[in-house]
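What the coordinates show
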Amino acid sequence: QVQLVESGGGLVQPGGSLRLSCAASGSIFSLYAMGWYRQAPGKQRELVARITNGGSTKYLDSVKGRFTISRDSAKNTVYLQMSSLKPEDTAVYYCNVNYSIGTVDVDQWGQGTQVTVSS
């Protein structure tokens, strides 16, 4: 059984930084990608960043140059370093992992962590 545990959220001033972590526990079979989504109140969930098992990355246009996604494959952990934070970054951030068990593809979600950017 795979469990995702997120941490690192909180309250930060505009221009500040936070680093989110998502650790996957349990046995991971054929991990393809890990990423971060966010959802603000009244808005749809959107992809913020993701990284594949090959190391390629993808970012939401509005966070390019400010956010960096990275991974520690040995620990099955993905990080999101967020800098130059803006109030519009305020949202619940969700970790997502994509993997397969046999022929079954799985998208699994973390519990979410609140990021609030406010002065």
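The paragraphs below set out a description of the structure included in this document. (Residues numbered from 1 in each chain as written. Predicted model: local features only at pLDDT ≥ 70, side-chain atom pairs only at ≥ 80, totals over all residues. Heavy atoms only, no water.)

Considerations on the overall build of the chain
- Across its full length, the chain carries zero helices and eleven strands.
- Along the chain, helices (α) and strands (β) appear in the sequence β-β-β-β-β-β-β-β-β-β-β when read from the amino end.
- Dimensions of the chain, computed from C-alpha atoms along their principal axes, come out at roughly 45 × 25 × 25 Å.
- Split into buried and exposed, the 119 residues of the chain put 40% on the buried side. (Helix = DSSP H or I, 4+ residues; strand = E, 2+ residues; numbered from the N terminus. Buried < 20%, exposed > 50% of the residue type's maximum accessible area, 1.4 Å probe, protein only.)

Brief notes about the nonpolar core
- Within the largest apolar cluster, 27 residues are counted, with the highest numbers of intra-cluster contacts made by W36, V48, F67, V78, L80, M82 and Y93.
- Only β3 (18-25), β4 (31-39), β5 (46-52), β7 (67-72), β8 (77-82), β9 (91-101) and β11 (113-117) provide two or more residues apiece to this core.
- The dominant element in this core, judged by the number of residues it contributes, is β9, at five residues.
- Among residues more than four places away in sequence, those in contact with L80 are L18, R19, L20, W36, V48, A49, F67, T68, I69 and Y93. (Core = buried A, V, L, I, M, F, W, Y, C linked by side-chain atoms within 4.5 Å. Contact = heavy atoms within 4.5 Å.)

So, the packing of aromatic side chains
- On inspection of all chains with the given rule, the structure shows one aromatic pair.
- Look at Y37 and W109: their rings are 4.9 Å apart centre to centre, the planes differ by 65 degrees, and that puts the pair in the edge-to-face class. One end of the pair, Y37, is in strand β4; the other, W109, is in strand β10 (residues 104-109), and 72 residues separate them in sequence.
- W109 sits in the partly exposed class, given a relative accessible area of 37%.
- Across from the ring centre of Y94, 4.0 Å away, lies the NZ or CZ of R45, which sits over that ring. (Phe/Tyr/Trp six-rings, centres within 6.5 Å; stacked < 30°, edge-to-face > 60°. Lys NZ or Arg CZ within 6 Å of the ring centre and 35° of its normal.)

Concerning the pairing of β4
- Note that β4 and β9 share eight bridges and pair antiparallel. Considered in β9, the bridge of Q39 is made with V92.
- As paired elements, β4 and β5 share six bridges and run antiparallel to each other. The partner of W36 across the bridge, within β5, is A49.
- With antiparallel pairing between neighbouring strands as the criterion, β4 and β5 make up a hairpin whose turn holds six residues, including G42 at a positive phi of roughly 75 degrees. (Pairing = 2+ DSSP bridges.)

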